[in-house]
Amino acid sequence: MTLKLEINPIKEWLPHIDNPLLVSGPCSLESEEQALETAKLLAQDKRVFIYRGGVWKPRTRPGSFEGVGSIGLKWLQTVKKETGLPVGTEVANAQHTEEALNAGLDVLWIGARSTASPFVVQEIADVVKGTDAVIMIKNPVNPDVQLWMGAVERINQAGIKNIVAIHRGFTPFRETKYRNYPNWKTVIELKRLLPNLPIICDPSHIAGKREYLYEISQKAFDMGMEGLMIESHRDPSCAMSDAAQQLTPADLGKLLDKLVIRHENA
Ligand code: PEP
Ligand code: MN
């Protein structure tokens, strides 16, 4: 079964895009200075189109840094004002979604742990209903294409047409060098089911380590994926979450220089 949902191509809501969609910024926002300095460095690289910054962090176990919370939305407003970049964060319940929309964020994304819960996705869908938000939907932690597709449908049924799916890998069921294993067959299957859905790749959460970002990003482009979400930080060694996988904005630029981007399937 193939579903032709009313989903806009990326160019519809980001008209100046002339490259793959590149979303970048810190795993977690930590301070206004860290958010803004990272953003200013990224904005110098005209290939970055959207700034990301996590403010509510879904940590697998309690006790790790759980994000700065609502104050981070103000920092994202500052980033937007100072750099002109559209800004986005992860939302995981109705309250986050309301606050993020009220703060004027351009992009909201649903994380892998949330996509796995239809109740959570529906709760978010009910809040974004009738808005022109861009909603990005990461794959669920488990390789269930129907669950991923169902989340896209729930958001689309709320009238949202600006939707992007993100492949961030699945919880490994066997030993792998990566933090989460990529399953390109699932991506192909999602594209077959929803042919007009833009799909990008999050090599950061697949890799878990900087050294693997290049091979995963290149594979994503070879598969015809339409962009990347890559975590970056002004000083990854001090990052309060996901330190091993983040890049400095300068290293992100070098990675982009190396990648061969194919447009034929985009
Ligand atoms: C993130 O983007 O920082 C994040 C927590 O991602 P995921 O939902 O892919 O684990
Ligand atoms: Mn992260």
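This text follows the structure it describes.
The structure reproduced in this document is the subject of the present report. (Residues numbered from 1 in each chain as written. Chains lettered and ligands numbered in written order. Predicted model: local features only at pLDDT ≥ 70, side-chain atom pairs only at ≥ 80, totals over all residues. Heavy atoms only, no water.)

On to the coordination of the manganese ion (ligand 2). Taken together, C27 (SG), H205 (NE2), E231 (OE) and D242 (OD) make up the full set of protein donors to the manganese ion (ligand 2), lying 2.0 to 2.4 Å away. Of note, the manganese ion (ligand 2) draws all its donor residues from one chain, in the sequence arrangement C-x177-H-x25-E-x10-D. Taken together, the positions of C27 in the loop between β1 (21–25) and α2 (32–44) and E231 in strand β8 (residues 227–231) put the pair 204 residues apart, joining distant regions of the chain. Taken individually, C27 and E231 each receive the classification buried, so the pair is uniform in this respect. (Donors = N, O, S within 2.8 Å, 3.2 Å for Na, K, Ca; no water. Helix = DSSP H or I, 4+ residues; strand = E, 2+ residues; numbered from the N terminus. Buried < 20%, exposed > 50% of the residue type's maximum accessible area, 1.4 Å probe, protein only.)

A word on the environment of Y214. Structurally, Y214 is set in helix α10 (residues 213–222). Each C-alpha atom of the pair Y214 and S24 lies 15 Å from the other, and the pair is 190 residues apart in sequence.

Let us look at the site of ligand 1. Neighbouring ligand 1 are 13 residues; R52, K57, A112, K138 and R168 lie closest to it. In this structure, an oxygen atom belonging to ligand 1 sits 2.9 Å away from a side-chain N or O atom of R113. With respect to ligand 1, the side chain of R168 contributes an N or O atom lying 2.7 Å from an oxygen atom. Surface burial for ligand 1 is 97%, taken as the share of its 300 Å² of free accessible area covered by protein chains. Taken together, the residues of the shell around ligand 1 sort by class into 4 nonpolar, 2 polar and 7 charged. (Near = heavy atom within 4 Å. Polar contact = N/O pair within 3.5 Å; in protein donor to acceptor, adjacent residues only side chain to side chain. Areas by Shrake-Rupley, 256 points an atom, 1.4 Å probe, with all protein chains shown as cover. Nonpolar A, V, L, I, M, F, W, Y, C, P; charged D, E, K, R; others polar.)

What follows concerns the pattern of salt bridges. Under the defined criterion, the tally for this structure stands at 13 salt bridges. A salt bridge links R234 to E37; the nearest nitrogen and oxygen atoms lie 2.8 Å apart. Of this pair, R234 sits in the loop between β8 and α11 (249–258) while E37 sits in helix α2, and the two are 197 residues apart along the sequence. Linking D202 and K138 is a salt bridge whose minimum nitrogen-to-oxygen distance equals 2.7 Å. Here D202 is found in the loop between β7 (199–201) and α9 (203–207), whereas its partner K138 is found in strand β5 (residues 134–138), with 64 residues between them in sequence. By relative accessible area, which is 5% here, K138 ends up buried. A single salt-bridge network, built from bridges that share partners, covers D45, R47 and D257. (Salt bridge = Lys/Arg side-chain N within 4 Å of Asp/Glu carboxyl O.)

This part is about α2. Compared with an ideal rise of 1.5 Å per residue, which puts 13 residues at 18 Å, α2 spans 19 Å between its outermost C-alpha atoms and is within 8% of the ideal. Residues of α2 that are buried in the fold lie against β1, β2 (50–52), α3 (71–83) and α11. (Expected span 1.5 Å × (residues − 1). Contact = heavy atoms within 4.5 Å.)

Another point: the packing of aromatic side chains. Enumeration according to the criterion identifies 3 aromatic pairs in this entry. Relative to Y181, the ring of F170 lies with its centre 6.0 Å away and its plane at 50°, an arrangement referred to as tilted. Within this pair, whereas F170 is found in the loop between β6 (163–167) and α8 (184–193), its partner Y181 is found in the loop between β6 and α8, the two being separated by 11 residues in sequence. Here Y178 and Y212 contribute two aromatic rings whose centre-to-centre distance is 5.4 Å and whose plane-to-plane angle is 75°, an arrangement assigned as edge-to-face. Placement of the pair is Y178 in the loop between β6 and α8 and Y212 in the loop between α9 and α10, with a sequence separation of 34 residues. For Y212, a relative accessible area of 14% gives the class buried. The rings of F170, F173 and Y181 are connected pair by pair, giving a single aromatic cluster. The residue whose ring lies beneath K258 is Y214, and the NZ or CZ to ring-centre distance is 4.4 Å. (Phe/Tyr/Trp six-rings, centres within 6.5 Å; stacked < 30°, edge-to-face > 60°. Lys NZ or Arg CZ within 6 Å of the ring centre and 35° of its normal.)

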